[in-house]
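Geometric and topological summary
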Amino acid sequence: MQSKAIFHPIDLENWPRKPYFEYYHNNLKSKYTVSIKIDITTLFRKYKDSNYKFFPIFLYVIIRAINNSESFRTVIYNGQLGQWSFMQPSFTIFHKDDCSFSDLWSEYHEDFQEFYNIIIQDINTYKDRKGIKIRENQPANLIPISCVPWINFESISQDTIQDSNFLQPIIRFGKYYTEGNKVKISLSIYVNHAIADGYHTSMFLQDIQNLCDHVENWMTP
């Protein structure tokens, strides 16, 4: 059974990041996007030797790396700055009949097998429902993640027109492809500078790479 996510308020006056948060949240409202290629060669070999589907596997890698990062669990919830104990994925599913998409959320479990089974179950349950949001009771601790499997992109630029208190990153990944003897995948993360600098983003991306390189540590045979 999944544990309940806990919101931990931040004592802003004693938070080491306070001057950076206030500067990038109130003065120079800054957001940035980083796009890179992830080497998924080891992960891909494990995937091909299994009966798993690729999308839930890579979704797990992303959300686990998110939950390893305090920065990307930092949000404003009910007007209070704080950090969730863990985040959950909000991802898109594609409807081939009319080429539309729907947004679906699922529970996060650190155990890969539990996570995988829930993602597959939720996709099967909601795959024929149409609309932008197709599952009710959407929790607050969500990370938007989507796949554009038709392109191997070099970069994706994203922004929101309306200013808001949304601090969570937004993540996109493309189709995997071969380059020499390597298998790679494009990944882009849109970051609110108020909660993460280049260092924090680079550590998150390195964590994704490490999870892909050491898949034997978390994926069951």
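Please refer to the structure higher up on the page.
The present account deals with the structure reproduced in this document. By convention here, each chain's residues receive numbers from 1 onward along its written sequence. Per-residue local features of the predicted model are confined to residues with pLDDT of at least 70, and side-chain atom pairs are confined, for both listing and counting, to 80 or more; whole-chain, interface and lining totals are unaffected and use all residues. Note that the side-chain values use all heavy atoms of the structure and ignore hydrogens as well as water.

Let us now look at the pairing of strand β8 (residues 170-179). In the sheet, strand β7 (residues 142-148) pairs with β8 via four bridges, with the strands oriented parallel. Paired with Val148 across the bridge in β8 is Gly174. Both β8 and strand β9 (residues 182-192) contribute to a ladder of eight bridges, which runs antiparallel. In the strand pairing of β9, Tyr176 is matched with Ile185. Between β8 and the antiparallel strand that follows it, β9, lie two residues; Gly180 among them carries a positive phi value of about 65 degrees. Any two strands between which DSSP finds at least two bridges are classified as paired. Counting from the N terminus, the helices are the DSSP runs of H or I reaching at least four residues and the strands are the DSSP runs of E reaching at least two.

Here we come to helix α1 (residues 18-27). Those residues of α1 that fall on the buried side of the exposure criterion are Lys18, Phe21, Tyr24 and His25. Down the axis of α1, the buried set is contained in an arc of 155 degrees. They therefore lie on one face. Looking at α1, the residues exposed on the side facing more than 90 degrees away from the buried face are Pro19 and Asn27. If you follow the buried residues of α1, they end up packed against β3 (74-77) and β4 (80-84). Categorising residues by exposure relies on relative accessible area from a 1.4 Å probe, with only protein chains included: less than 20% of the type maximum marks a residue as buried, more than 50% marks it as exposed, and the intermediate range marks it as partly exposed. Working definition: the arc comes from the directions between the helix axis and the C-beta atoms, pointing outward to the latter. When checking whether two residues touch, look at their non-hydrogen atoms; a contact exists if any pair is within 4.5 Å.

Remember that the coordinates give geometry; whether it matters functionally is a separate question.
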